[in-house]
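Now for the letters of each chain:
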Amino acid sequence: MNPSLDERKRAGQNVSLIGALVNTVMSLLKIVGGVFSGSAALVADGFHSLSDVITDLMVVFLLGVSHKKADTNHPYGHGRFETLGTVALSFVLLSVAGFMAWDSLRLLFAGEIPSPPSVVALFIAGASILANEILFFYTLRVGEKIQSRLLIANAWHHRSDSLSSVVVLIAIAGAILGIWWLDALAAVLVALLIAKIGWELLSKSLAELVDTALPPERLTTLRETVMSVDGVLGVHSFKTRSMGGQSLLEMHVQVAPHLSAAEGHYIGDYATRLLQERFDDIAHIIYHIDTYDDHGLSLPAQLTLPARTEIQQHLNAALARILGEAPDYELIIYYTPRFIELDIKCPMAIFALLEQQGVTAAELEARLNDELRTLEWFKAIQIWLPAR
């Protein structure tokens, strides 16, 4: 059973707050330790961890806002707040990366050989690797448990911090051994890593804001799920988009042409429930029930077929010519792209009219088909009589 929205929000916010606390301690330790030990790479990694604090706090805020229920002003929910926040966060990361890269490149080309960092920087980098690995496994476990792509992404962000700290550790060791430029070069590499993360966040968020569709392989899985529902003959016209880590879906579901509207609606509701049970990220589904495959058909061409009032006028006139008057009946209309089929359910009074005119029910049905066959939209009519 999937956890509720409130449970997901609380679990996600708790792990993100713990991550923010750990990253705050580590960022201060690395920045201060890097300054006093003389390691530019460790200082750069400290700013990297500081950006992670912003990320963790952003996740806490976004989980709170994006999980609010839909309201009058936001009928589709508040998921776009998560997207907008991610765009803002990506610009922060890109700015930090640009500043770090500029400062480190200036140091590389300054022509002055800086003093090698102290051994203390090695221990700080090692502690950073350990802390980020613990955060990675903890956040990933919670993210998978509550099925939150946002938390899983944040977990891998912690893993990227761990890898950057490994680079810094190697650079500090090299600098201590006399390869002075290795420390500054590592700072540039860390800056590039931050820029890469920022760009990926930005590109994915912008793709979401312009309503980019879900990947084709995901559409195939969704289509197969709908087709597994009893009564579904086809599904087409998929329209998908993402909103704050959740998916929105529109589709046309084809059912048998002579089903009642109620049964068709039931099949559509069943397909909707099945999709939301199997795919926790699907937040909203709009479906349209088709009794034929209208994919690729021109809408104006379909609307040239007559409506109920016109059909009844033709049918009443035909009944009056055969029976002398048009009895009460229940009319059921089945539309296809090019023609119409009709069913009429007659009351008990029809038997008296048939006897007066000396016409059997089968003859009435045959004559109605002949009478209406001149209409270009007509295909067939079937008469249903009550049990006597």
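Residues numbered from 1 in each chain as written. Predicted model: local features only at pLDDT ≥ 70, side-chain atom pairs only at ≥ 80, totals over all residues. Heavy atoms only, no water.

## Here we look at the packing of helix α10 (residues 308-323) against helix α12 (residues 361-372)
In a pair of packed helices, the angle between the axes and the distance between the axes together describe the arrangement.
Okay, so step 1: Close contact between α10 and α12 brings their axes to 10 Å; oriented N to C, the two are set at 125 degrees. Comparing their axes, α12 and α10 come out oblique. Handedness of the crossing formed by α10 with α12: right-handed. Each of H314, L315, A318, L319, R321, I322 and L323 in α10 lies in contact with α12, whose residues at this interface are L364, R367, L368, E371 and L372.
Okay, so step 2: Residues of the contact of α10 with α12, tallied by class, amount to eight nonpolar, one polar and three charged. (Axes fitted to C-alpha atoms, helices over the stretch in contact; angles between N-to-C directions. Helix = DSSP H or I, 4+ residues; strand = E, 2+ residues; numbered from the N terminus. Parallel < 35°, antiparallel > 145°, perpendicular 65-115°, else oblique. Left-handed = near helix turned anticlockwise from the far one by under 90°. Contact = heavy atoms within 4.5 Å. Nonpolar A, V, L, I, M, F, W, Y, C, P; charged D, E, K, R; others polar.)

## Let's talk about the nonpolar core
Okay, so step 1: Counting residues in hydrophobic clusters, the biggest one holds 27 residues, and the most contacted among them are L315, L342, I344, L364 and L368.
Okay, so step 2: Breaking this core down by element, the ones donating at least two residues are α10, β4 (330-335), β5 (340-345), α11 (350-357), α12 and β6 (378-384).
Okay, so step 3: Ranked by the residues each element gives to this core, the list is headed by α10, at six residues.
Okay, so step 4: If we skip the residues at most four places from it in the chain, L315 touches Y329, L331, I344, L368, L372 and I381.
Okay, so step 5: By size, the runner-up hydrophobic cluster in this structure holds 22 residues, among which are A97, A101, V168 and I172. (Core = buried A, V, L, I, M, F, W, Y, C linked by side-chain atoms within 4.5 Å. Buried < 20%, exposed > 50% of the residue type's maximum accessible area, 1.4 Å probe, protein only.)

## A look at the pairing of β4
Okay, so step 1: Examined bridge by bridge, β4 and β5 share six bridges and lie antiparallel to one another. Each residue of the ladder has a partner; that of I333, found in β5, is L342.
Okay, so step 2: Hairpin connection, β4 to β5: the antiparallel pair is bridged by four residues. (Pairing = 2+ DSSP bridges.)

## Thoughts on the sheet that holds β4
Okay, so step 1: Spatially, β4-β5-β6 is the arrangement adopted by the three strands of the open sheet, whose pairing is mixed. Sheet topology places β4 and β6 at the edges, where each strand pairs with a single neighbour. Taken pair by pair, the neighbouring strands of this sheet meet at an average axis angle of 15 degrees, ignoring direction.
Okay, so step 2: Contacting β4, β5 and β6, α10 crosses the sheet at an angle of about 120 degrees to β4.
Okay, so step 3: Packed on one face of the sheet, α12 meets β5 and β6 and runs near 160 degrees to β6.

## A word on the pattern of salt bridges
Okay, so step 1: A complete count under the given rule lists three salt bridges for this structure.
Okay, so step 2: For E341, the salt bridge goes to K379, with nearest N and O atoms at 3.8 Å. Of this pair, E341 sits in strand β5 while K379 sits in strand β6, and the two are 38 residues apart along the sequence.
Okay, so step 3: For E341, a relative accessible area of 21% translates into the label partly exposed. (Salt bridge = Lys/Arg side-chain N within 4 Å of Asp/Glu carboxyl O.)

## Thoughts on the packing of aromatic side chains
Okay, so step 1: Here the structure, examined in full by the defined rule, presents three aromatic pairs.
Okay, so step 2: Taking 5.0 Å as the distance between ring centres and 70 degrees as the angle between the ring planes, the aromatic pair formed by F136 and F137 counts as edge-to-face.
Okay, so step 3: Between Y266 and Y270, the ring centres sit 6.2 Å apart and the planes meet at 40 degrees, which makes this aromatic pair tilted. One end of the pair is Y266 and the other is Y270, both in helix α8 (residues 261-278) and four residues apart, which spans about a single turn.
Okay, so step 4: When its relative accessible area of 54% is taken as the criterion, Y266 is described as exposed.
Okay, so step 5: Assessed through its relative accessible area of 34%, Y270 is described here as partly exposed. (Phe/Tyr/Trp six-rings, centres within 6.5 Å; stacked < 30°, edge-to-face > 60°.)

## Structural notes on helix α7 (residues 216-227)
Okay, so step 1: For α7, which comprises twelve residues, the first-to-last C-alpha distance of 16 Å matches the rise-based estimate of 16 Å (1.5 Å per residue) to within 8%.
Okay, so step 2: Turning to α7, its buried residues number three or more, namely R218, L219, L222, T225 and V226. Buried residues along α7 cover an arc of 120 degrees about the axis, so they all sit on one side. Among the exposed residues of α7, those pointing more than 90 degrees away from its buried face are P216, E217 and E224.
Okay, so step 3: For α7, the elements touching its buried residues are β1 (234-243), β2 (246-254), α8 and β3 (282-290). (Expected span 1.5 Å × (residues − 1). Arc of directions from axis to C-beta.)

## Let's talk about the side chain of T139
Okay, so step 1: Along the chain, the position of T139 falls in helix α4 (residues 120-145).
Okay, so step 2: We classify T139 as buried; its relative accessible area is 2%.
Okay, so step 3: Those residues in contact with T139 that sit more than four places away from it in its chain are V15, L151, N154, A155 and H158.

## Here's the deal with a nonpolar patch on the surface
Okay, so step 1: Judged by side-chain polarity, V167, I179, W181, L185, L189 and L192 come together as a nonpolar surface patch covering roughly 500 Å² of accessible area.
Okay, so step 2: With four residues, helix α6 (residues 181-209) is the single largest residue contributor to the nonpolar patch.
Okay, so step 3: Exposure remark for V167: the relative accessible area of 33% places this residue in the partly exposed category. (Patch = residues over 30% accessible without salt bridge, like charges linked within 9 Å, V, L, I, M, F, W, Y side chains within 5 Å. Areas by Shrake-Rupley, 256 points an atom, 1.4 Å probe, with all protein chains shown as cover.)

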